Amino acid sequence: MYNAICAFLLVLASPFLLALSFGRKYKVLLSDELGNSRFSSKNSKISSENSRIPSKNSRISSKNQPKNSILARFFLLNNPALKPCDFYFHACSLGEVSTIEPFVKALQKEAKSVRITVCTATGYARAREFCDEVAFLPFECFLPFWLKECKTLVVFEAELWLNLFACAKKQGAKVILLNARLSQSSLSKYRRFLRYYKTLFSYCDLVLAQSESDAKRLETLGAKNIKVLGNVKSALLPSPSKKLSSNYEHIIVLASSHEGEEKGILEFLRLKKYEQLIIAPRHPQRFSAVCELVRGWAEQNNYSSQRFSKNADLKAQVVVMDSLGELINIYAIADTVILAGSFSAGIGGHNPFEPASFNCGIISGAFFHNQKVLYSAVQGIKIANDFKTAAFLAHEKFSSQITQSCDFNGILEQIKG
């Protein structure tokens with residue numbers, strides 16, 4: 001019955017999904033013709049959310065690579081089923097995929113076969129950097145015949161897809177929910193579909209929760225065999241991939257910013273001669289829009305500005321980081337980080353562990369409900385209730401430090417069973 005409903009919904013949504021997919025394709029082609037593509041600039045290190053797919057060591061030819069997550073997930077275009085394996089990980093997007101990397105590599109060293117599915121093209125591209133067998137997770141009605149056998153399914157955080165859990169379990173897999181979390185604000189929404197989640201958790205063998213409060217909330221949805229091991233993101237922190245340098249004395253980073261946050265901060269921020277501002281938007285499809293906003297603000301205030309992708313350096317006083325994979329390198333030289341995604345109620349904050357691991361002073365908005373466990377494990381975060389306060393604090397020199405972390409090997413042993 002559930003599969004029939006999913007299939008029916010897919011049929012209804014097909015015209016919209018196709019229009020959205022081809023609309024994006026048209027947008028890319030049009031911007032290329034104008035010579036101002038934010039998706040495939042000659043000098044850019046990044047392509048669009050739906051076209052950045054690496055070809056090196058690809059399990060399928062570059063000609064058939066899934067360049068559009070919508071077509072791959074909802075129509076299985078160039079998205080063949082993965083082979084049977086020992087461990088199958090599912091993670092939604094770029095950040096989550098980066099977090100599971102050390103676990104995947106540890107299992108690969110033990111000659112275990114590992115497969116990964118994702119939901120976004122940036123997640124796909126990141127996963128292909130350390131795993132050859134990667135695919136987009138199809139819409140649920142396809143999973144009963146698309147999903148192949150695995151010994152262990154590991155689902156990251158809140159990717160609660162009923163058919164994924166049910167099909168894997170019926171094929172004999174051990175099913176693990178890794179780094180599980182559920183905020184108090186989300187709990188009321190989940191309770192509306194209590195029967196759905198009770199059914200889903202009946203197929204889950206082990207829940208590795210971030211905190212005791214997460215465990216209690218998950219238990220109300222039917223989760224059993226819950227172990228609290230802390231947040232996986234604190235187990236192994238990434239290291240810089242290269243050394244960047246800047247001639248400015250005080251480097252301010254606006255990190256993982258969403259629409260409206262750049263404008264809000266820039267309205268109140270004025271840089272001193274020895275200060276540099278680096279802005280790293282959360283989503284690549286916004287790079288060009290942010291660049292235009294920053295260019296106008298910089299000209300108005302007589303600051304030099306640049307896109308990082310043009311020269312791959314930090315010479316200008318204001319730099320837009322329009323390349324993926326550079327944020328850790330920026331944190332390594334930053335003094336103050338304004339951690340975005342926390343200035344409006346709809347996002348819930350981002351991971352403070354990465355900037356804190358470099359002792360950067362962290363400024364956050366008041367809306368970090370999805371990251372409360374991580375925030376509680378970092379000392380020295382300053383909370384700004386508005387953009388004006390955040391801009392004022394950005395000039396101060398202070399530091400933030402991680403005070404709690406979890407055991408990587410302990411989590412790995414739980415996964416291995």
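Now for a description of the structure that goes with this document. (Residues numbered from 1 in each chain as written. Predicted model: local features only at pLDDT ≥ 70, side-chain atom pairs only at ≥ 80, totals over all residues. Heavy atoms only, no water.)

### Things to note about the side chain of Arg 126
- Mapped onto the elements of the fold, Arg 126 is located in helix H4 (residues 121-127).
- At a separation of 3.0 Å, a polar atom in the side chain of Arg 126 contacts the side chain of Glu 129.
- Residue contacts for Arg 126: discarding those within four places in its chain leaves Leu 94, Val 97, Ser 98 and Glu 101. (Helix = DSSP H or I, 4+ residues; strand = E, 2+ residues; numbered from the N terminus. Polar contact = N/O pair within 3.5 Å; in protein donor to acceptor, adjacent residues only side chain to side chain. Contact = heavy atoms within 4.5 Å.)

### What to know about the environment of Ile 411
- Within the element layout of this structure, Ile 411 appears in helix H17 (residues 408-416).
- Exposure remark for Ile 411: the relative accessible area of 2% places this residue in the buried category.
- Sequence spacing of Ile 411 and Leu 208 is 203 residues, and the spatial spacing of their C-alpha atoms is 8.3 Å.
- Once residues within four sequence positions are removed from consideration, Ile 411 is found in contact with Phe 103, Leu 178, Leu 229, Val 232 and Cys 406. (Buried < 20%, exposed > 50% of the residue type's maximum accessible area, 1.4 Å probe, protein only.)

### So, the sheet that holds strand E12 (residues 336-339)
- Strands sit in the order E10-E11-E9-E8-E12-E13-E15 across an open sheet of 7 strands; the sheet is parallel. With one partner strand each, in any of the chains shown, strand E10 (305-307) and strand E15 (382-383) form the two edges of the open sheet.
- With 3 bridges joining them, E10 and strand E11 (residues 318-320) adopt parallel strand pairing. Within E11, the residue paired with Ser 305 across the bridge is Val 318.
- This element, helix H10 (residues 261-268), spans strand E8 (250-257), strand E9 (275-281) and E12 of the sheet and lies at about 150° to E8. (Pairing = 2+ DSSP bridges. Axes fitted to C-alpha atoms, helices over the stretch in contact; angles between N-to-C directions.)

### Observations concerning the sheet that holds strand E1 (residues 85-90)
- Sheet architecture is open: 7 strands sit in the order E3-E2-E1-E4-E5-E6-E7, paired in parallel fashion. Across the chains shown, the open sheet's two edge strands, defined by having one partner strand only, are strand E3 (134-136) and strand E7 (226-228). The mean angle between the axes of side-by-side strands here comes to 20°, regardless of whether they run parallel or antiparallel.
- Sheet topology note: the strand E5 (residues 174-180)/strand E6 (residues 206-209) ladder contains 4 bridges and is parallel. Bridge assignment links Leu 178 to a residue of E6, and that residue is Leu 208.
- Packing against the sheet, helix H3 (residues 94-109) makes contact with E1, strand E2 (114-118) and strand E4 (150-156), and its axis sits at approximately 170° to E2.
- Against the sheet, H17 touches E1, E4, E5, E6 and E7, its axis set at about 155° to E5.

### Re the packing of H3 against H17
- As a packed pair, H3 and H17 sit with axes 11 Å apart at the nearest point and diverge in direction by 65°. Classified by chirality, the crossing of H17 by H3 is right-handed. Contacts between H3 and H17 involve Pro 102, Phe 103, Ala 106 and Leu 107 from the first element and Phe 408, Ile 411, Leu 412, Ile 415 and Lys 416 from the second.
- Looking at the contact of H3 with H17 residue by residue, the class counts come to 8 nonpolar, no polar and 1 charged. (Left-handed = near helix turned anticlockwise from the far one by under 90°. Nonpolar A, V, L, I, M, F, W, Y, C, P; charged D, E, K, R; others polar.)

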